[in-house]
Amino acid sequence: MTKHDANQFRIKDEPFYKVTGNEEALYEAAYARRMPVMLKGPTGCGKSRFVEYMAWKLGRPLITVACNEDMTASDLVGRFLLDKDGTKWQDGPLTTAARIGAICYLDEIVEARQDTTVVIHPITDHRRQLPLDKKGEIVDAHPDFQLVISYNPGYQSLMKDLKQSTKQRFGALDFDYPEAEMESEIVARETGVDAETAMKLVQVAQRTRNLKGHGLDEGISTRLMVYAGQMIAEGVDPLAACQMTLVTPLTDDPDMRQTLQAAVETFFV
């Protein structure tokens, strides 16, 4: 069996997270029962930061996996590798988390193939077991193990969605962008810009969020606003900073870029 040091996965410093509702209390209650949890919300709204914060608060190791369409079941559970002494088994991140009692966070799980995600089924129900078929071993999850997944419902389609057999193994928390005052406080805290500048960034973002489904797949996220604030704090002209972080990443359509730039100029000219 692969030896693991749980301490390397612990979060040493408290991540900044602004509680917006009862999500902290609900998660703590779910963790007390080791209930698998699903976080649903738009990109860049704080789902990953929330998981980091809760892992820090609970004092648990955290292993994060960024899911993608090329990810196989072996990428999660492990595989045999060749070395100078022959073959040896290498645990995947899910197996490692199950052995050491970590929180395993599968980010944007809907990006993974459905034949990959089914490997989490036996470890997210009453069995709490992870079969390693290639190794002929069944891993009983550590008593402190918990699985957390996240995805953006805005990207759902018939081809990209979780099976009901997967969804109904989880409790779920909805996430969204905070109210304007709180979001501006977050941006100011994360970037060092003044409250007025932070609020202007939030007002720009709110205008773009109204364009979701009308030329934009997503509006400006809290994450992008933090990027903009960091550039401004570095002395970059606000218009240039917003062009780089709020306009150019969102779209390549010239007309939509002009619309976004006009929104920026409304507040920064």
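Below, the structure is looked at part by part.

**As for the pairing of strand β4 (residues 86-91)**
Here is step 1: Inspection of the sheet shows strand β3 (residues 78-83) paired to β4 by 6 bridges, in the antiparallel sense. Paired with Leu82 across the strands is Thr87, a residue of β4.
Here is step 2: Hairpin connection of β3 to β4: 2 residues between the antiparallel strands.

**Some words on helix α7 (residues 180-191)**
Here is step 1: Look at α7: 16 Å from first C-alpha to last across 12 residues, which is about the 16 Å you get at 1.5 Å a residue.
Here is step 2: As for α7, its buried residues are in contact with α8 (195-209) and α9 (222-233).
Here is step 3: Positive phi shows up at Gly192, right after α7, with a value of about 90°.

**Considerations on the pairing of strand β9 (residues 171-174)**
Here is step 1: Going residue by residue along β9, you find Gly171 and Leu173 tucked away on one face and Ala172 and Asp174 left uncovered on the opposite face.
Here is step 2: Sheet topology note: the strand β1 (residues 37-40)/β9 ladder contains 4 bridges and is parallel. Across the sheet, the residue bridging to Met38 is Ala172, located in β9.

**Overview of the nonpolar core**
Here is step 1: By size, the foremost hydrophobic cluster in this structure holds 32 residues, and its most contacted members are Leu76, Leu94, Leu106, Ile120, Phe145, Leu147 and Ile149.
Here is step 2: At 4 residues, the largest contribution of residues to this core is made by helix α4 (residues 93-100).
Here is step 3: Apart from residues lying up to four places away in sequence, Ile149 is in contact with Val37, Met38, Leu39, Tyr105, Leu106, Ile109, Leu162 and Phe170.

**A look at the sheet that holds strand β8 (residues 146-151)**
Two modes of strand pairing occur in sheets, parallel and antiparallel, and in both the strands are linked by backbone hydrogen bonds.
Here is step 1: One open sheet holds the 5 strands; their spatial order is β2-β5-β8-β1-β9, and the pairing between them is parallel. Pairing within the sheet leaves two strands with one partner each, and these edge strands are β2 (62-66) and β9. Strand after strand, the sheet turns through a mean of 20° between neighbouring axes, direction not considered.
Here is step 2: Together, β1, β2, β5 (103-107), β8 and β9 form the strand contacts of helix α2 (residues 47-58), whose direction differs from that of β5 by roughly 175°.
Here is step 3: Seen against the sheet, α4 touches β2, β5 and β8 and runs at an angle of roughly 165° to β2.

**A look at the environment of Ala73**
Here is step 1: Relative to the assigned elements, Ala73 resides in helix α3 (residues 73-77).
Here is step 2: Taking relative accessible area as the criterion, Ala73 reaches 24% and is therefore assigned partly exposed.
Here is step 3: A C-alpha to C-alpha distance of 9.2 Å links Ala73 and Arg113, two positions 40 residues apart in sequence.
Here is step 4: Aside from chain neighbours lying at most four places away, what touches Ala73 is Gly78, Thr116 and Val119.

**Some points on unusual backbone geometry**
Here is step 1: The phi dihedral of Arg34 is positive, around 55°, even though this residue is not glycine.
Here is step 2: Within the secondary structure layout, Arg34 lies in the loop between α1 (23-32) and β1.
Here is step 3: On the basis of relative accessible area, Arg34 is assigned to the partly exposed category, the value being 22%.
Here is step 4: Even without being a glycine, Glu108 presents a positive backbone phi close to 55°.

**Observations concerning helix α10 (residues 238-247)**
Here is step 1: Three or more residues of α10 are buried, namely Ala241, Cys242, Thr245, Leu246 and Val247. Buried residues along α10 cover an arc of 160° about the axis, so they all sit on one side.
Here is step 2: The inward-facing, buried residues of α10 abut α8, α9 and α11 (254-268).
Here is step 3: For α10, the capping residue at the N-terminal end is Asp237, with a side-chain oxygen 3.1 Å from the backbone nitrogen of Leu239.

**Here's the deal with the pattern of salt bridges**
Here is step 1: By the definition in use, this model includes 20 salt bridges.
Here is step 2: Of the charged contacts, one joins Asp144 and Arg34 as a salt bridge, the two residues approaching to 2.9 Å between their closest N and O atoms. Taken together, the residues Asp144 in the loop between β7 (137-140) and β8 and Arg34 in the loop between α1 and β1 connect sequence positions 110 residues apart.
Here is step 3: Between Arg60 and Asp144 there is a salt bridge whose closest N-O contact spans 3.5 Å. In this pair, Arg60 sits in the loop between α2 and β2 while Asp144 sits in the loop between β7 and β8, placing the two residues 84 residues apart along the sequence.

Conventions and cut-offs
- Residues numbered from 1 in each chain as written.
- Predicted model: local features only at pLDDT ≥ 70, side-chain atom pairs only at ≥ 80, totals over all residues.
- Heavy atoms only, no water.
- Pairing = 2+ DSSP bridges.
- Helix = DSSP H or I, 4+ residues; strand = E, 2+ residues; numbered from the N terminus.
- Expected span 1.5 Å × (residues − 1).
- Contact = heavy atoms within 4.5 Å.
- Buried < 20%, exposed > 50% of the residue type's maximum accessible area, 1.4 Å probe, protein only.
- Core = buried A, V, L, I, M, F, W, Y, C linked by side-chain atoms within 4.5 Å.
- Axes fitted to C-alpha atoms, helices over the stretch in contact; angles between N-to-C directions.
- Arc of directions from axis to C-beta.
- Polar contact = N/O pair within 3.5 Å; in protein donor to acceptor, adjacent residues only side chain to side chain.
- Salt bridge = Lys/Arg side-chain N within 4 Å of Asp/Glu carboxyl O.

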